[in-house]
Amino acid sequence: MKRIPIAVALLALAAPFASAQIDDLTVRVPHETLDKRAPVGDEAMGAAGPRGLITQEVYRERRLRLLNHMRDNGFSAAVIFNETRNSPSGGPDRSGLDFYYLTGIEHEPGAALLLDPDADQYLEALFLPMLDVEDHVWHGERSALGRELELSTGFARVRRLGSLPGALASAILTGESNKAVFLGPVVGYSSPVPNQLQVLRDATSRIPGASVGLDREILPAMRQAKDKHEVELTRRAIANTMAGLGEGMKLVEPGMTEFELRTIIEMAFHEAGSRRLAFGSIVGSGPNSCVLHYRGEHDHRVMNDGELVLCDVGAEVENYAADITRTFPISGTFTPRQREVYNVVLRAADEAIAAIRPGVTFAELNDIARGVIEEAGYTDDMKHGLGHFLGLYVHDAGNYHLPLTPGTIITIEPGLYLSDENIGIRIEDDVLVTEDGYEVLTRGLPRTADEIEAFMAGGE
Ligand code: GLY
Ligand code: MN
Ligand code: MN
């Protein structure tokens, strides 16, 4: 692990930013002076940077597309932070994943990306948190600034966060418009001001004539249109989730608790290769099938013959999420009434899915599904929206008011919740919008009442 003295690091900071050409990563000379202290932990821990299916080149191409967009729209600087927030419903909300989408870098909370399309050639620089001299004892080694870090991150310019304000000021000053751009979502006034907006405001307030513009559409649009690697990672997450639901359907029996069933499903995700869940699993039986976000901390209930269990679960692969719901009978056989309600939800899902193609809107799909449900005599019983974007994080970024475009992955998840009858049914599938229609990515998992009964009876 390379460590460099502070004097060398300061010299590096003082060096003017050169261009961030795609192919200039190898021109920098590695620092010669190394700290000889024995490293703590696996050396790879120190190397921030993409390690999975999506390569540095893909991340860099995304940044270049964003830089082009900024240049074309007269914006001179943007900063994107690696921010994670807590979601209001508990669990981690990884929706602040723009930084990850543009860099492939995880585990550097607080890090920042600076983009400057007006530099001689496009400039992109990465700013990492300061190293604490004792941190390696607790968290293992991290790389010092230098070529090793540049190669592992794919950035020709890696600095510490302390130099971000100066670099941001020069990025704004080099622009013709002196206009920085806020790329995040606009949040209500009861939420804290996002870091990204705060630093832009601080920087522009010191430069007469400078201002902050807003573009909250570009990153959701980029993230919504999945490339082939993103689709592949989502397929893997879906395959692992289907394996878990298959195990659950095979092994469930009266007398088992919801917790036991959830554990069977989640263990199968991990056995299939997923390191993490995409969100907290929902496994609710009987009356609990009607609780939309029923959570694991309550799931002591013993499941009985004659009841349904609703399993809304998702495994994750390299930060790409699956999100699938199946509702099945504990005994393996639906009652006639359960089957009747199930078939209404299934028809709503089928008709909405059949309408998916480029150009259709979420609102149109929603109307189709709700139309089926209302026609069957249910009005207030589908209490949630029809679906959402899926990808990096379970409720992925995207523009809900625009027509769908090829490469978008969405969920279709109608439901009916009849709490008087202890019948809660949701059927959720993940669907890719293709050039001329759609592909159901969750196909192959038992879905109709007959398929579920046959599968639970030991058939396929
Ligand atoms: N699992 C949460 C959702 O379906 O949106
Ligand atoms: Mn779900
Ligand atoms: Mn969902």
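Shown above is the structure to which this text applies.
Each value, and the rule that gives it
Residues numbered from 1 in each chain as written. Chains lettered and ligands numbered in written order. Predicted model: local features only at pLDDT ≥ 70, side-chain atom pairs only at ≥ 80, totals over all residues. Heavy atoms only, no water. Salt bridge = Lys/Arg side-chain N within 4 Å of Asp/Glu carboxyl O. Helix = DSSP H or I, 4+ residues; strand = E, 2+ residues; numbered from the N terminus. Buried < 20%, exposed > 50% of the residue type's maximum accessible area, 1.4 Å probe, protein only. Pairing = 2+ DSSP bridges. Axes fitted to C-alpha atoms, helices over the stretch in contact; angles between N-to-C directions. Contact = heavy atoms within 4.5 Å. Donors = N, O, S within 2.8 Å, 3.2 Å for Na, K, Ca; no water. Tetrahedral: all angles 85-135°; square planar, octahedral: opposite > 155°, others 65-115°. Phe/Tyr/Trp six-rings, centres within 6.5 Å; stacked < 30°, edge-to-face > 60°. Lys NZ or Arg CZ within 6 Å of the ring centre and 35° of its normal. Near = heavy atom within 4 Å. Polar contact = N/O pair within 3.5 Å; in protein donor to acceptor, adjacent residues only side chain to side chain. Areas by Shrake-Rupley, 256 points an atom, 1.4 Å probe, with all protein chains shown as cover. Nonpolar A, V, L, I, M, F, W, Y, C, P; charged D, E, K, R; others polar. Arc of directions from axis to C-beta.

Colleague: Explanation requested: the pattern of salt bridges in the structure shown.
Modeller: Here the idea is simple: oppositely charged side chains can pair when their charged atoms come close. Counted by the stated rule, this structure contains 28 salt bridges. Taking the shortest distance from any N to any O, the salt bridge between Glu-124 and Arg-63 comes out at 2.5 Å. Placement of the pair is Glu-124 in strand E5 (residues 123–128) and Arg-63 in helix H2 (residues 56–72), with a sequence separation of 61 residues. Accessibility expressed as a relative area gives 4% for Glu-124, which makes it buried. Between Glu-439 and Arg-235 there is a salt bridge, and its shortest N-O distance comes to 2.8 Å. Taken together, the residues Glu-439 in strand E19 (residues 438–440) and Arg-235 in helix H9 (residues 228–251) connect sequence positions 204 residues apart. Residue Arg-235 is classed as partly exposed on the basis of its relative accessible area, which comes to 31%.

Colleague: Any chance you could explain the sheet that holds strand E11 (residues 308–313) here in plain terms?
Modeller: Pairing between sheet strands relies on hydrogen bonds along the backbone, with the strands arranged either parallel or antiparallel. The strand order across the open sheet built from three strands is E10-E11-E14, with neighbouring strands paired in antiparallel fashion. The sheet terminates laterally at strand E10 (282–285) and strand E14 (324–329), the two strands that pair on one side only. Mean inter-strand twist for the sheet, computed between neighbouring axes without regard to direction, equals 10°. In this structure, E10 lies alongside E11, joined through four bridges in antiparallel fashion. Bridge pairing links Ile-282 to Asp-312 in E11. Sitting on the sheet, helix H10 (residues 258–272) touches E10, E11 and E14, and the angle it makes with E10 is about 150°.

Colleague: What should I look at first to understand the coordination of the manganese ion (ligand 2) in this one?
Modeller: The textbook angles at a metal center are 109.5 degrees for a tetrahedron of four donors and 90 or 180 degrees for an octahedron of six. All of the protein donors around the manganese ion (ligand 2) are Asp-312 (OD), Asp-312 (OD), Asp-323 (OD) and Glu-428 (OE); their distances to the metal are 2.0 to 2.6 Å. Around the manganese ion (ligand 2), the six donor atoms are arranged such that angles at the metal cover 55 to 174°; this shape is classified as irregular. Between the manganese ion (ligand 2) and the manganese ion (ligand 3), the interatomic distance is 3.2 Å, and Asp-323 donates to each metal, bridging them. Within this pair, whereas Asp-323 is found in the loop between strand E13 (320–321) and E14, its partner Glu-428 is found in the loop between strand E17 (423–426) and strand E18 (429–433), the two being separated by 105 residues in sequence. Grouping residues by exposure puts Asp-323 and Glu-428 together as buried.

Colleague: When you look at the packing of aromatic side chains in this model, what are you seeing that I'm missing?
Modeller: Where two aromatic rings form a pair, the distance of their centres and the angle of their planes describe that pair. The final tally for this structure, using the stated rule, is five aromatic pairs. Taking 6.3 Å as the distance between ring centres and 70° as the angle between the ring planes, the aromatic pair formed by Tyr-59 and Tyr-100 counts as edge-to-face. Taken together, the residues span a long stretch of sequence, with Tyr-59 in helix H2 and Tyr-100 in helix H3 (residues 98–103) at a distance of 41 residues. Here the two residues Tyr-59 and Tyr-100 agree in accessibility, since each one is buried. Judged by centre distance (4.4 Å) and plane angle (45°), the rings of Phe-389 and Tyr-400 are tilted. One end of the pair, Phe-389, is in the loop between helix H12 (362–375) and strand E15 (409–412); the other, Tyr-400, is in the loop between H12 and E15, with eleven residues separating them in the sequence. Among the aromatic side chains, those forming a connected cluster through ring pairs are Phe-362, Phe-389 and Tyr-400. Sitting over the face of the ring of Tyr-101, Arg-62 holds its NZ or CZ atom 4.1 Å from the ring centroid.

Colleague: What's the story with the site of ligand 1 in this structure? I'm lost.
Modeller: Lining the immediate surroundings of ligand 1 are Phe-279, Asp-312, Asp-323, His-388, His-395, Glu-413 and Glu-428. A distance of 3.0 Å separates an oxygen atom of ligand 1 from a polar atom in the side chain of His-388. Here an oxygen atom of ligand 1 and a side-chain polar atom of Glu-413 are 3.0 Å apart. Calculation on ligand 1 without its partners gives an accessible area of 190 Å², and the protein chains cover 91% of this total. For the shell around ligand 1, a count of residues per class yields one nonpolar, two polar and four charged.

Colleague: Would you explain the coordination of the manganese ion (ligand 3) in this entry?
Modeller: Within the protein, the manganese ion (ligand 3) binds to Asp-323 (OD), His-388 (NE2), Glu-413 (OE) and Glu-428 (OE); these donor distances fall in the range 2.0 to 2.2 Å. The coordination sphere of the manganese ion (ligand 3) comprises six donor atoms, whose angles at the metal cover 51 to 157°; the geometry is irregular. Site description for the manganese ion (ligand 3): donor spacing in sequence, D-x64-H-x24-E-x14-E. Residue classification places His-388 among the buried positions, given a relative accessible area of 8%. On the accessibility criterion, Glu-413 (8% relative accessible area) is buried.

Colleague: What is the right way to look at helix H13 (residues 449–456) in this model?
Modeller: Each turn of an α-helix holds 3.6 residues, which means side chains three or four residues apart point in the same direction. Those residues of H13 lying buried are Ala-449, Ile-452, Glu-453, Phe-455 and Met-456. Buried residues along H13 cover an arc of 165° about the axis, so they all sit on one side. The elements touched by buried residues of H13 are H9, E14 and helix H11 (336–354). Trailing H13 by a residue or two, Gly-458 shows a phi angle of about 105°, which is positive.

Colleague: Is there a simple way to think about the environment of Lys-383 in this case?
Modeller: Secondary-structure assignment places Lys-383 in the loop between H12 and E15. Classification of Lys-383 by relative accessible area gives exposed; the value is 52%.

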